[in-house]
Amino acid sequence: MKKPLNEMTITFLSRSANESFSRAAAASFFSQLDPTLEEIADIKTAVSEAVTNCIVHAYRNTLGKIRLTARIYPDNEVYIQIRDYGCGIPDIEKAMEPLFTTCETGERAGLGFAVMQSFMDRVLVRSAPGKGTTVTLRKTLSSKPSDGSPR
Amino acid sequence: MPVSFENRERTLVACLSGDIDHHSAALLRESIDRMAESALPETLILDFGGVSFMDSSGIGLIMGRFKLMQSMNGAVRVEHASPYLKKLMGLAGLSLLPITIS
């Protein structure tokens, strides 16, 4: 795998107030790539979905830590990894089906993964029941050609 | 308050503003339902003109209000959605429901 040109990691508690904090932090980090408004909105929406999944599902009724790693790879490639140490997903394929949700009280649309898949180029989910889930999001920005030299 | 209301004859307009995510949706949901259940409008207009960000929690919010209005024999209209919000609503298949989106 190529070496990242830049990287940042934040760890925060699964409080719902951190949904806006985490997507703003990711958007702010990737602003150095000079993305279009639409690309920034795509990234914010995908991060918001992934982090909300950790809060609503991984740590349902409990508090735990969420780790977000953001990296920039050559050729304007955006990489975001969202990791939790919560309950895990027993059936990833089922969880990724549009409109599927296990949440009966919170009025969830069951569209989190569908939105991530639609707004990012690639979505990878790894999960172990009882250990947690890692969601990796990738997107190549078209905004401007990179000269490959981080400043 | 991220929502304000205008009550015109049989129509309740809920003007939403700011970010709509899982965190803010709970408060919006309670406010809108309380208002709709007392005003009993024929049409509930959700005005997204002031919304700066929305994720799928906003879709849940629209679908939930649609169900509420259906139970009161009323309708839901979505107004002033930006192209980005329309993209999200299209992905969710909201256009398949009898909800007017403009």
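Caption draft 1: Broad picture of the sheet that holds strand β1 (residues 6–13) of chain A. Residue and element names in this part refer to chain A. Spatially, β1-β2-β3-β5-β4 is the arrangement adopted by the 5 strands of the open sheet, whose pairing is antiparallel. Two strands close off the open sheet at either side, each with one partner strand: β1 and β4 (122–128). The mean inter-strand angle of the sheet, taken between neighbouring strand axes irrespective of direction, is 10 degrees. Direction of pairing for β4 relative to strand β5 (residues 132–140): antiparallel, over a ladder of 7 bridges. Residue R122 lies in a different strand from β5, and its bridge partner there is R138. Lying on the sheet, helix α1 (residues 18–30) is in contact with β1, β2 (65–73) and β3 (77–84); it crosses β1 at an angle near 175 degrees.

Caption draft 2: Highlighting the interface of chain B and chain A. If you look at the interface, chain B gives 16 residues, while chain A gives 21 residues. Secondary-structure elements contributing two or more residues to the side of chain B that touches chain A are α1 (22–39), α2 (56–71) and α3 (83–91) of chain B. The element best represented in the side of chain B that touches chain A is α2(B), accounting for 6 residues. Classifying every residue of the side of chain B that touches chain A by side-chain character gives 6 nonpolar, 6 polar and 4 charged.

Thresholds applied
Residues numbered from 1 in each chain as written. Chains lettered and ligands numbered in written order. Predicted model: local features only at pLDDT ≥ 70, side-chain atom pairs only at ≥ 80, totals over all residues. Pairing = 2+ DSSP bridges. Helix = DSSP H or I, 4+ residues; strand = E, 2+ residues; numbered from the N terminus. Axes fitted to C-alpha atoms, helices over the stretch in contact; angles between N-to-C directions. Contact = placed C-beta atoms within 7 Å. Nonpolar A, V, L, I, M, F, W, Y, C, P; charged D, E, K, R; others polar.

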